[in-house]
Each structure stands twice: as structure tokens, then as C-alpha cells.
Amino acid sequence: MTVVSFKNVSKSFGARQVLTDITFDVPQGQVVSLIGPSGAGKSTLLRCVNQLDRHTSGNISVAGQQISPSCRQRDLMRLRRHVGMVFQSFNLWPHLSAIGNVMEGPMTVLRRPRGQAREQAEALLEQVGLSAHLDKYPGQLSGGQQQRVAIARALAMEPEVMLFDEATSALDPEMVQEVLGVMEKLAGSGMTMLIVTHEMAFARRIGHRVLFMVDGQIVEDEEPASFFASPATERGRAFLSRALPA
Ligand SMILES: Nc1ncnc2c1ncn2[C@@H]1O[C@H](COP(=O)(O)OP(=O)(O)OP(=O)(O)O)[C@@H](O)[C@H]1O
Ligand SMILES: [Mg+2]
């Protein structure tokens, strides 16, 4: 089953075109590493998946729902329930504890009873290694711990696909690994994932597939082993020689 499908998708901000004719399908359970130079359009592409950025032409479908450039707010709300997103900045609710952050969406959006939401949140926070910190507030948690709460919070909505936009780039080096570890476990559990990362070793290890973007276009769509060993394009080779200094 295809979870995310882009067909001839383009996106402009005013006169500036930032995505050009993007076409790809992501089957259920596939983990896609999205890489490329700064300004290539990686974040914009991810944000089109949940329509934080609206595309200007082409067809997008997510979990079987067709999203047109002109679709209504109600359709966007429905779409966003199927898509979890984790950003560089954790964006936790500062006035809610870790478990409160994870319970909030299921209770308010999915109308789950409090007891059920709590049970699920405990299980998710255990899954990300935070059982000892359920009642702490974001201000009492490290960056790595906050990001793991953000992942648990996204998972609590039972998304069909998870998007990660440089989820570790705001973290101190010693906290990067704990978040990458959680993402790898999630990938192993069969979650469909689109991951934007500048960590090339991680992109290679976790991805079933690499999409390499330059100037708003997908320039290579390859298996990681093949892309990282010998990119098919000159731009791919140039990018890797900068990203992976010898
Ligand atoms: N809201 C916006 N309005 C106008 N231009 C934008 C907007 N958001 C992004 N852009 C432009 O779109 C292009 C792609 O940006 P995007 O953030 O998607 O790149 P990126 O690949 O994620 O880069 P980075 O690796 O630096 O995060 C850039 O030229 C950027 O300046
Ligand atoms: Mg970006």
C-alpha cells in the first residue's frame, strides 16, 4: 500500500518556485532519507506532506486521501491526523508535563477518555526511554529528552507516516544518539518515515531509500548503499564530497 504519493508536485512562494515537478511514492513501512544542500527544498517538501505549506500544482495523496491545492480546511484537519511531524525545535507545551503533552492530542482531538490516553502515553514514553520522567515539565528536561517526548506525542495520534525535519540538529552532541536511537527503533517497528537529516551516516543506515534534492528537484532516487558508494550524478558526487570529507 502507498502511504505518501506526490505526482508532478510544484510549489511557489510568490514568484519564487521552490519545488519543481516532484514525483515519488512511499510504500507502507518504507524509511526515506531526504538529503541535499541548504535551500534545496527539503523542509518545504516535508511540509507539503501535511500541508503546513500548500502546494501550487500537482497531486498529493496521503493514506489514501487526495489533497488538491484548493482543498478545504476540513480536509487539512483530516489529513494532519494521519501525519506526525517532529521539528528541530521541540515545540512542547511548556505548561504541561511530559505525559500531559502526550495525552493532550488524543484527549482533545481523538476524544479518548483520560484513563485510556494516560495508559497509552505511559506506554509511549516507556518506548522512548522516559518512564522515569512522566511528570516533569519541558523546562526540567534535557533537549534530547524533550525531543523524545515530542516523538511520543506525535506517535500518540497513531499516524500513518512520521516526518522528521532535522530532529537532532538543535541538540548537544551527547544527546543526538539517544534521539537517533529512538528513530531507528521506530523504523524497525515498521513505521513509514520521511527523514530530513544532515547526518549522512544516519541517513545511510536508517534509510531504505535516499532522495537527493537540489534546487527544488529530486535529482537522485536510489538505495542508500548505491547512492553513498557512487552517486549517479555530478551534483550527488559534489554534495557527498563536501558532506563526507575524506
Ligand atoms: N515561507 C517562505 N517564503 C518564501 N520563500 C521560502 C519560504 N520558505 C522557504 N522558502 C525558500 O524556499 C527554498 C527552499 O527552502 P527549504 O527550507 O525547503 O530548504 P531546505 O532544503 O530545507 O534547506 P535547509 O537545509 O537549510 O533547511 C529556499 O530558497 C527558501 O528561502
Ligand atoms: Mg530545512
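On a predicted model such as this, the values are computed, not experimentally measured, just so you know. The numbering scheme is per chain: residues are counted from 1 as the chain's sequence reads. Chains and ligands are labelled sequentially in the order written, the chains with letters from A and the ligands with numbers from 1. Per-residue local features of the predicted model are confined to residues with pLDDT of at least 70, and side-chain atom pairs are confined, for both listing and counting, to 80 or more; whole-chain, interface and lining totals are unaffected and use all residues. The side-chain figures draw on all heavy atoms in the structure; neither hydrogens nor water molecules are used.

Examining the pattern of salt bridges
Put simply, the test is: Salt-bridge detection follows one rule: a side-chain nitrogen of Lys or Arg within 4 Å of a carboxyl oxygen of Asp or Glu. Working definition: with a 1.4 Å probe on protein chains only, accessible area under 20% of the residue-type maximum means buried, over 50% means exposed, and in between means partly exposed. The way it works is that DSSP assigns letters per residue, a run of H or I at least four long becomes a helix, a run of E at least two long becomes a strand, and they are numbered from the N terminus.
Using the criterion set out here, one finds 8 salt bridges in the structure. Taking the shortest distance from any N to any O, the salt bridge between Asp53 and Arg47 comes out at 3.1 Å. With a relative accessible area of 26%, Arg47 lands in the partly exposed category. Between Glu184 and Arg205 there is a salt bridge, with the nearest N and O atoms lying 2.8 Å from each other. Taken together, the positions of Glu184 in helix α6 (residues 173-188) and Arg205 in helix α7 (residues 200-206) put the pair 21 residues apart, joining distant regions of the chain.

Re the nonpolar core
The cut-off we apply is this: Residues belong to one nonpolar core when they are buried, are Ala, Val, Leu, Ile, Met, Phe, Trp, Tyr or Cys, and are joined through side-chain atoms within 4.5 Å. Where each domain begins and ends is defined by an automated method or by a domain database. Whether two residues touch is decided by their heavy atoms; if any such pair falls within 4.5 Å, the residues are in contact.
Within the largest apolar cluster, 41 residues are counted, with the highest numbers of intra-cluster contacts made by Leu125, Ile151, Met162, Phe164, Met183 and Met193. Those elements giving two or more residues to this core turn out to be α3 (98-108), α4 (114-127), α5 (143-155), β7 (161-165), α6, β8 (192-196) and α7. Counting only domains with at least three residues in this core, you end up with domain 1 (2-82 + 160-243) and domain 2 (93-158). Discounting chain neighbours no more than four positions away, the residues touching Ile151 are Val86, Met162, Phe164, Val179, Val182 and Met183.

Re the domain arrangement of the protein
Convention followed: Using a 1.4 Å probe, buried area is obtained as the accessible area two parts lose upon being combined, added over both of them. Definition of a polar contact: a pair of N or O atoms within 3.5 Å, with one able to donate and the other able to accept a hydrogen when the atoms are protein atoms, and with sequence-neighbouring residues admitted only if both atoms are side-chain atoms. In this classification, Asp, Glu, Lys and Arg are treated as charged, Ala, Val, Leu, Ile, Met, Phe, Trp, Tyr, Cys and Pro as nonpolar, and every other residue, Gly included, as polar.
Entries for the protein in the domain assignment read domain 1 (2-82 + 160-243) and domain 2 (93-158). With centres defined by C-alpha atoms, the gap from domain 1 to domain 2 works out at 25 Å. Taken together, the contacts link 14 residues of domain 1 with 15 residues of domain 2. Buried surface at the junction of domain 1 and domain 2, summed over both partners, amounts to about 1100 Å²; 70% is from carbon and sulfur atoms. Residue Arg148 pairs with Glu178 through a salt bridge whose shortest N-O separation is 3.0 Å. At the boundary of domain 1 and domain 2, one finds 4 residue pairs in polar contact (both at pLDDT 80 or more). Mapped by element, the contributors of at least two residues to the side of domain 1 that touches domain 2 are β7 and α6. It is α6 that contributes the most residues to the side of domain 1 that touches domain 2, 7 residues altogether. In the side of domain 1 that touches domain 2, the residues fall into 10 nonpolar, no polar and 4 charged.

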